[in-house]
Amino acid sequence: MESSMPPRAAENPTQYNIDAIARMEHDAVGRRTRTERVSSLITKLVGSMGFLLAQLLLITGWSLVNLHVIPGVKAFDPFPFGVLALVVSSEGVFLTIFVLISQNRMSRQSERRSHLDLQVSMLSEQELTTILQMLQKLCQHVGVDVDASKREIQSFSETTDVQKLASELQEKLPEE
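What counts, and at which threshold
Residues numbered from 1 in each chain as written. Predicted model: local features only at pLDDT ≥ 70, side-chain atom pairs only at ≥ 80, totals over all residues. Heavy atoms only, no water. Helix = DSSP H or I, 4+ residues; strand = E, 2+ residues; numbered from the N terminus. Rg over C-alpha atoms; globule rule 2.2 N^0.38 Å. Contact = heavy atoms within 4.5 Å. pLDDT = per-residue confidence, 0-100. Patch = residues over 30% accessible without salt bridge, like charges linked within 9 Å, V, L, I, M, F, W, Y side chains within 5 Å. Areas by Shrake-Rupley, 256 points an atom, 1.4 Å probe, with all protein chains shown as cover. Salt bridge = Lys/Arg side-chain N within 4 Å of Asp/Glu carboxyl O. Buried < 20%, exposed > 50% of the residue type's maximum accessible area, 1.4 Å probe, protein only. Axes fitted to C-alpha atoms, helices over the stretch in contact; angles between N-to-C directions. Parallel < 35°, antiparallel > 145°, perpendicular 65-115°, else oblique. Nonpolar A, V, L, I, M, F, W, Y, C, P; charged D, E, K, R; others polar. Phe/Tyr/Trp six-rings, centres within 6.5 Å; stacked < 30°, edge-to-face > 60°.

Enquirer: I'm lost on the overall build of the protein in this one. Help?
Expert: When helices and strands are tallied, the protein shows seven helices and zero strands. Each helix (α) and strand (β) of the protein, taken in turn from the N terminus, gives the series α-α-α-α-α-α-α. Taken over C-alpha atoms, the radius of gyration comes to 30 Å for the protein, far larger than the 16 Å a tight globule of 176 residues would show. Referenced to the eigenvectors of the C-alpha coordinate spread, the extents of the protein come out at roughly 100 × 45 × 25 Å. Taking as baseline every contact in the protein between residues at least 6 positions apart, the subset at least 24 positions apart corresponds to 51%.

Enquirer: What's the story with unusual backbone geometry in this structure? I'm lost.
Expert: Apart from glycine, the bulk of residues carry a negative phi angle, and the bulk of peptide bonds sit in the trans form. Cis geometry marks the peptide bond from F79 to P80; its omega dihedral reads 20 degrees. Backbone geometry places H68, a non-glycine residue, at a positive phi of 60 degrees. Looking at where H68 falls in the secondary structure, it is placed in the loop between helix 4 (49-66) and helix 5 (82-142). Of note, the phi angle at F81 is positive, near 60 degrees, even though the residue is not glycine. Within the fold, F81 resides in the loop between helix 4 and helix 5.

Enquirer: Quick question: what am I supposed to make of the confidence of the model for the protein here?
Expert: The predicted coordinates should not be examined in detail at positions where pLDDT is low. Taken residue by residue, the protein gives an average pLDDT of 86. The fraction at 70 or more is 93%. Averaged pLDDT values over the elements of the protein bottom out at 66 in helix 1 (residues 7-11) and peak at 95 in helix 4.

Enquirer: What exactly am I supposed to notice about a nonpolar patch on the surface here?
Expert: On the surface, L64, L67, V69, I70, V73 and F79 cluster together into a nonpolar patch covering about 520 Å² of accessible area. Positionally, I70 belongs in the loop between helix 4 and helix 5.

Enquirer: Quick question: what am I supposed to make of the side chain of S39 here?
Expert: Mapped onto the elements, S39 comes out in helix 3 (residues 34-46). You can call S39 buried: its relative accessible area is 1%. If sequence neighbours within four positions are ignored, S39 has contacts with F98, I101 and S102.

Enquirer: Would you take a moment to explain the packing of helix 5 against helix 6 (residues 150-157) for this structure?
Expert: The N-to-C vectors of helix 5 and helix 6 enclose an angle of 140 degrees; their axes lie 8 Å apart at closest approach. What the angle tells us is that helix 5 and helix 6 run oblique. Counted together, T129, L132, Q133, Q136 and Q140 of helix 5 and K150, I153, Q154, F156 and S157 of helix 6 form the full contact between these two elements. When its residues are assigned to classes, the contact of helix 5 with helix 6 shows three nonpolar, six polar and one charged.

Enquirer: I would appreciate a short explanation of the packing of aromatic side chains in the present structure.
Expert: Each pair of aromatic rings is reported with the distance of its centres and the angle of its planes. Throughout the structure, instances matching the rule amount to two aromatic pairs. Between the aromatic rings of W62 and F76, the centroid separation amounts to 5.0 Å while the plane-to-plane angle is 70 degrees, which identifies the pairing as edge-to-face. Pair noted here: W62 is in helix 4 and F76 is in the loop between helix 4 and helix 5, with a separation of 14 residues, a long-range link. W62 gets classed as buried once you look at its relative accessible area, which sits at 13%.

Okay, here's the thing in structure tokens:
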């Protein structure tokens with residue numbers, strides 16, 4: 001029996017799968033738009049401990065200067081720090097936008113993976129159904145008694161109706 005897998009895959013299927021997944025991930029990274037790349041970079045920087053420390057230092061320093069705690073330094077944004085509030089809230093708006101852009105990209109990527117997973121699962125189900133049907137015919141041909149599990153074999157040998165399965169699942173799942 002000839003295998004449809006490349007020879008390298010048959011030698012080490014786990015490594016073949018890891019390499020295939022790594023290629024898909026590299027392709028996904030390469031397909032990002034310039035905006036998505038910039039957004040990912042900013043999100044990565046903002047989501048770091050260094051950024052948190054920089055924010056803490058900036059706000060602490062700003063407060064100390066403007067509360068006249070540091071002698072000889074003139075306050076430029078007296079309490080209640082209107083300029084600081086404007087800067088921080090503007091920063092928050094822009095950072096939120098960058099995070100949302102990154103999340104949208106990750107969501108699209110996750111959706112593509114889900115579609116691929118569904119396709120592979122459906123192919124596996126079709127292959128297993130065919131194998132069960134062939135095995136059932138072989139058992140009948142050789143004279144093996146399969147009557148004890150005939151009902152189970154029959155139900156598994158039938159092609160799964162994905163639409164019907166999805167509808168039944170949706171009916172039984174709770175509403176959000």
